[in-house]
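Structural description and commentary
Residue-level listing of the chains:
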Amino acid sequence: MVLCASLMIPTQCLGRHICLPEEHVALFIFGDSIIDAGNNNYINTTTVLQANVWPYGESYFKYPSGRPSDGRLIPDFIAEYLKLPLIPPYLHPGYHRYTDGANFASAGAGALVETRRGLVIDLHTQFHYFEKMERLLRQKLGEAETKTLLSRAVYLISIGTNDYLVTFANSSTLQYSYSREEYVDMVIGNMTTVIKEIHKKGGRKFAFLNLEPAGCIPLAKAIKPEIGGACLEELTALVKLHNKALSHVLQILETQLKGFKYSHADLYTFVTERINDPLKYGFKEGKKACCGSGSYRENLNCGKGTLTEDYKLCGNPSEYVFFDAAHPTEKAYQQLAKLMWDGELNVTWPYGIKALIEDK
């Protein structure tokens, strides 16, 4: 007989001696650096794609946790709302509590296998890790319990920015090989394939972020220094095409896939508003990063300065929208996670994540 100890919380006991709250919802995370808890610490990659040095983590963890920010990321706050512990990177050798979820995201990754191939965990490989984890869950919990866990879970997906950033690399021929529309269709097509595969495995509740205005983040100034304080409009144009296509495909999937429900957060507008009017949202600086080098701290060398160019660090990251050239601060992520959880429908639609999990 298995006894579940609880403080007046109804519980369900799965498999062998695993007791969870009856309303337990796991969180599975797929994507790139804005939701990566540190998987790149465990792969052979470049230091630019890792956040395992100080001052990353300074505001919350007080050590570099592998998250590319000064503290927690969106999934950390969503996990808190779901009454879960923080979800570590899937590749962390000590982590096996998959009943809470898993984080497969990888900084620098794209939906396309070709995006930074060999240096990141692309979206398809992230899904293969999910399949491996799902097989372990079935062995541990049995078929019925695993099906229940996977159908109640939230699948958080945020990917695509890197697929467009790499087309601006000096050696890239991608922008000459395809039209902008063809390239966006390839990215969205790969995302759609993985969404359908997760659905086949039993996933029903999905949370998506569209892409930020990548041409307006500090990093864009390093890609094309001559733009000065302006935005790299060619990059933002690709992002806008992607966001329109993603919105369209999610509406189609809702009609095609049985039980498919989703939350779609408008990261593009969220970031644009804070870049343009930081004071309104409790920040002092919206265009310049807290950590890095260059006029806008647009170089991704936070914590990784060289003899020729050392990085600078601001005194208070919570005054900044961006912590480094490409990634927001914990404060910005906390604001976004709250809006994703139960914000207005003009930010997160057709459901917030809270409404998504309450919908039976």
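Computed from a predicted model, the values in this text were never measured in an experiment.

1. Describing the pairing of strand β5 (residues 154-158)
- For β5, the buried fraction is high: five of the five residues fall into the buried class.
- Both faces of β5 are covered, namely the face carrying V154, L156 and S158 and the face carrying Y155 and I157.
- Here β5 runs beside strand β6 (residues 205-209); their pairing, made up of four bridges, is parallel. If you follow I157 over to β6, its bridge partner there is F208.

2. A closer look at the sheet that holds β5
- In space, the six strands of this open sheet follow the order β4-β3-β5-β6-β7-β10, with mixed pairing throughout. The strands lining the two open edges of the sheet, one partner per strand, are β4 (101-103) and β10 (348-349).
- Those strands touched by helix α1 (residues 74-81) are β3 (27-31), β4, β5 and β6, and its axis lies near 165° from that of β3.
- On the sheet, helix α8 (residues 233-256) packs against β6 and β7 (261-265) and is oriented at approximately 165° with respect to β7.

3. Here's the deal with the nonpolar core
- Core analysis: the biggest nonpolar cluster contains 97 residues, and F28 and I74 have the highest contact counts within it.
- Each residue touching I74, except ones within four places of it in the same chain, is listed here: I34, I35, L156, L209, Y333, L336, A337 and M340.
- Judged by nonpolar contacts, the second largest core, of eight residues, contains C302, C314, Y320 and F323.

4. So, the packing of aromatic side chains
- Within this structure, the stated rule accounts for 21 aromatic pairs.
- Here F61 and Y63 contribute two aromatic rings whose centre-to-centre distance is 6.0 Å and whose plane-to-plane angle is 65°, an arrangement assigned as edge-to-face.
- On the numbers, 6.4 Å between centres and 40° between planes, the contact of Y178 with Y183 is tilted.
- Above the plane of the ring of F270 lies R274, whose end atom (NZ or CZ) is 3.6 Å from the centre.
- The residue whose ring lies beneath K331 is F283, and the NZ or CZ to ring-centre distance is 4.8 Å.

5. Some words on the pattern of salt bridges
- Considering all chains together, one arrives at 16 salt bridges under this definition.
- E80 is paired through a salt bridge with R72; the nearest N and O atoms lie 3.8 Å apart.
- We classify E80 as partly exposed; its relative accessible area is 48%.
- Among the salt bridges present, the one from R117 reaches E114, with a minimum N-O distance of 4.0 Å.
- Residue classification places R117 among the exposed positions, given a relative accessible area of 56%.

6. What to know about the confidence of the model for the protein
- Mean pLDDT over the protein works out to 92, with 92% of the residues at or above the 70 mark.
- In this model, residues 1-11 is a region of pLDDT below 50 whose contacts with residues beyond four sequence positions or in other chains number 15 contacts.

7. Focus: the pairing of β7
- The element β7 is largely enclosed, with a buried count of four among its five residues.
- By the bridge criterion, five bridges tie β6 to β7 in an arrangement that is parallel. What sits directly across from A207, in β7, is S263.

8. Concerning the state of the cysteines
- Taken as a whole and assessed by the stated rule, the structure comprises three disulfides.
- Residue pairing for C290: its cysteine sulfur links by disulfide to C314, the two sulfurs lying 2.1 Å apart. Between C290 and C314, the disulfide has an S-S torsion of -85° and is therefore left-handed. Note that C290 is positioned in the loop between α9 (267-276) and β8 (291-292) and C314 in the loop between β9 (312-313) and α10 (330-342), a separation of 24 residues in sequence. A single burial state applies to C290 and to C314, both of which are buried.
- Bridging C291 to C302, the disulfide has an S-S length of 2.0 Å. Between C291 and C302, the S-S dihedral sits near 95°, and the bridge is therefore right-handed. Note that C291 is positioned in strand β8 and C302 in the loop between β8 and β9, a separation of eleven residues in sequence.

9. Focus: the packing of α9 against α10
- Across the interface, α9 lies against α10 with an axial gap of 11 Å and an inter-helix angle of 140°. Between α9 and α10, the angle falls in the class oblique. Crossing of α9 against α10: the hand is right-handed. Counting all contacts with α9, which are made through L267, F270 and R274, the residues of α10 involved are A332, Q335, L336 and L339.
- When grouped by side-chain class, the residues that make up the contact of α9 with α10 number five nonpolar, one polar and one charged.

Analysis parameters
- Residues numbered from 1 in each chain as written.
- Predicted model: local features only at pLDDT ≥ 70, side-chain atom pairs only at ≥ 80, totals over all residues.
- Heavy atoms only, no water.
- Buried < 20%, exposed > 50% of the residue type's maximum accessible area, 1.4 Å probe, protein only.
- Helix = DSSP H or I, 4+ residues; strand = E, 2+ residues; numbered from the N terminus.
- Pairing = 2+ DSSP bridges.
- Contact = heavy atoms within 4.5 Å.
- Axes fitted to C-alpha atoms, helices over the stretch in contact; angles between N-to-C directions.
- Core = buried A, V, L, I, M, F, W, Y, C linked by side-chain atoms within 4.5 Å.
- Phe/Tyr/Trp six-rings, centres within 6.5 Å; stacked < 30°, edge-to-face > 60°.
- Lys NZ or Arg CZ within 6 Å of the ring centre and 35° of its normal.
- Salt bridge = Lys/Arg side-chain N within 4 Å of Asp/Glu carboxyl O.
- pLDDT = per-residue confidence, 0-100.
- Disulfide = S-S within 2.5 Å.
- Parallel < 35°, antiparallel > 145°, perpendicular 65-115°, else oblique.
- Left-handed = near helix turned anticlockwise from the far one by under 90°.
- Nonpolar A, V, L, I, M, F, W, Y, C, P; charged D, E, K, R; others polar.

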